[in-house]
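# Structure assessment
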Amino acid sequence: MKLVIAIVQDKDSNRLSNALIQEGFRATKLASTGGFLRAGNTTFMIGTEDERVPDVLKVIRANCKVREQLVTPVSPMGGTTDSYIPFPVEVQVGGAAVFVVPVERFEHF
């Protein structure tokens, strides 16, 4: 057994959830927040057999896309803000951060 932990942007959450259900995967969704952009994320926890991990990764890859977004950096903590002029910066958002970890035991009641 493996536990696939996928952290995805909220914009991709519903699409990924529907695709996982369609492919027969059960997942637990947790609301989470990214540290860099302080934006909403969804963390999926998916328990599956070892041989189905490539299928889960394929579904995640197909439904979580990287895109460009303009963000205004937050002002620096401490120090003076007199000379700080926030300019929008283009960053990549979306996609998925995925961890695959071994599971010693899995039960469903």
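Use the structure listed above.
Residues numbered from 1 in each chain as written. Predicted model: local features only at pLDDT ≥ 70, side-chain atom pairs only at ≥ 80, totals over all residues. Heavy atoms only, no water.

## A few points about the packing of helix α1 (residues 10-22) against helix α2 (residues 53-63)
Interaxial distance between α1 and α2 falls to 9 Å at its minimum, and their mutual angle equals 145°. For the pair α1 and α2, the sense of crossing is right-handed. Two secondary-structure elements touch here, α1 through Asp12, Arg15, Leu16, Ala19 and Leu20 and α2 through Val59, Ile60 and Asn63. Among the residues forming the contact of α1 with α2, the class breakdown is 5 nonpolar, 1 polar and 2 charged. (Axes fitted to C-alpha atoms, helices over the stretch in contact; angles between N-to-C directions. Helix = DSSP H or I, 4+ residues; strand = E, 2+ residues; numbered from the N terminus. Left-handed = near helix turned anticlockwise from the far one by under 90°. Contact = heavy atoms within 4.5 Å. Nonpolar A, V, L, I, M, F, W, Y, C, P; charged D, E, K, R; others polar.)

## Notes on the side chain of Asn41
By the element assignment, Asn41 lies in strand β3 (residues 40-48). If we skip the residues at most four places from it in the chain, Asn41 touches Ile7, Val8, Gln9, Asp10, Leu30, Ala31, Ser32, Thr33 and Gly34.

## A short note on the nonpolar core
By size, the foremost hydrophobic cluster in this structure holds 13 residues, and its most contacted members are Val8, Leu16, Leu20, Phe44, Ile46, Val56 and Ile60. At the level of secondary structure, the elements contributing two or more residues to this core comprise β1 (2-9), α1, β3 and α2. Apart from residues no more than four positions distant in its own chain, Val56 is found in contact with Val4, Phe25, Ile46 and Thr48. (Core = buried A, V, L, I, M, F, W, Y, C linked by side-chain atoms within 4.5 Å. Buried < 20%, exposed > 50% of the residue type's maximum accessible area, 1.4 Å probe, protein only.)

## Here's the deal with α2
Taken as a whole, α2 has its buried residues at Val53, Val56, Val59, Ile60 and Asn63. Here the buried residues of α2 occupy an arc of 125° about the axis, which is enough to place them on one side. In α2, those exposed residues whose orientation departs by more than 90 degrees from the buried face are Pro54, Lys58 and Arg61. (Arc of directions from axis to C-beta.)

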